[in-house]
Amino acid sequence: MTEAELDPVIHSASRLRVVATLAALGTGDSIAFPRLQKLLDMTAGNLSTHLRRLEQAGYVTQTKTHEGRTPATYVELTTAGRHAFERYTQTLTALLKGAQP
């Protein structure tokens, strides 16, 4: 991927929304899956699919645990994911500036 190309993993509208939301959290902070699902207004299946793709790229981690007897999943943007999002926004900004008259 060249500097002028947008990261195809992040460029999907849904994944961009996921990464942007996670990037708003502090470094090392995570969010519960249901809370992320509600914020993004996505179905559990759709969100899971996009998280899986982001996880395969090394951009997010999912921690599965239990709160009492109830399973809980927490999602966090990795350092690589944070850097990828920064590169993505810088590239997009540069592309948009180049498109202006």
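Residues numbered from 1 in each chain as written. Predicted model: local features only at pLDDT ≥ 70, side-chain atom pairs only at ≥ 80, totals over all residues. Heavy atoms only, no water.

> Help me understand helix 2 (residues 13-23) in this model?
Working note: α-helix, 3.6 residues per turn, so residues spaced by three or four point in the same direction. For helix 2, every residue scored as buried is listed here: Ser-14, Arg-15, Val-18, Val-19, Leu-22 and Ala-23. Burial along helix 2 is one-sided: seen end-on, the buried residues are contained in an arc of 165°. (Buried < 20%, exposed > 50% of the residue type's maximum accessible area, 1.4 Å probe, protein only. Helix = DSSP H or I, 4+ residues; strand = E, 2+ residues; numbered from the N terminus. Arc of directions from axis to C-beta.)

> When you look at the sheet that holds strand 1 (residues 31-32) in this model, what are you seeing that I'm missing?
Adjacent strands of a sheet form backbone hydrogen bonds with each other and so pair up, either parallel or antiparallel. Read across the open sheet, the 3 strands follow the order 1-3-2; overall the sheet is antiparallel. With one partner strand each, in any of the chains shown, strand 1 and strand 2 (60-67) form the two edges of the open sheet. For strand 1 and strand 3 (residues 70-77), the ladder comprises 2 bridges, and the chain directions are antiparallel. Note that in strand 3 the partner of Ala-32 across the bridge is Tyr-74. Sheet strands touched by helix 2: strand 1, strand 2 and strand 3. Its angle to strand 3, the strand with the most contacts, is close to 85°. Docked against the sheet, helix 4 (residues 44-56) engages strand 2 and strand 3, running at close to 120° with respect to strand 2. (Pairing = 2+ DSSP bridges. Contact = heavy atoms within 4.5 Å. Axes fitted to C-alpha atoms, helices over the stretch in contact; angles between N-to-C directions.)

> Would you mind showing me how to read unusual backbone geometry here?
For residues other than glycine, phi is negative in most cases, and the peptide bonds are mostly trans. For Asp-41, which is not a glycine, the phi torsion comes out positive at approximately 55°. Take Asp-41: it is sitting in the loop between helix 3 (33-40) and helix 4.

> Got a minute to help me understand the side chain of Arg-82 in this structure?
Mapped onto the elements of the fold, Arg-82 is located in helix 5 (residues 79-99). Although Arg-82 is buried, it forms no salt bridge, and the closest oppositely charged side chain is Glu-86 at an N-O distance of 6.2 Å. (Lys, Arg positive; Asp, Glu negative; His and termini not counted. Salt bridge = Lys/Arg side-chain N within 4 Å of Asp/Glu carboxyl O.)

> What exactly am I supposed to notice about the environment of Pro-34 here?
Relative to the elements of secondary structure, Pro-34 occurs in helix 3. When the C-alpha atoms of Pro-34 and Lys-97 are compared, they prove to be 37 Å apart, with 63 residues separating the residues in sequence.

> Is there a simple way to think about the nonpolar core in this case?
General note: in soluble globular proteins, nonpolar side chains tend to be found buried as a group. The biggest cluster of nonpolar side chains holds 22 residues, and the ones touching the most others in it are Val-18, Leu-22, Leu-36, Leu-47 and Leu-51. Those elements giving two or more residues to this core turn out to be helix 1 (8-11), helix 2, helix 3, helix 4, strand 3 and helix 5. No other element matches helix 2, which puts 4 residues into this core. When sequence neighbours within four positions are dropped, the list of residues in contact with Leu-36 reads Thr-21, Leu-22, Ile-31, Leu-47, Leu-51 and Val-75. (Core = buried A, V, L, I, M, F, W, Y, C linked by side-chain atoms within 4.5 Å.)

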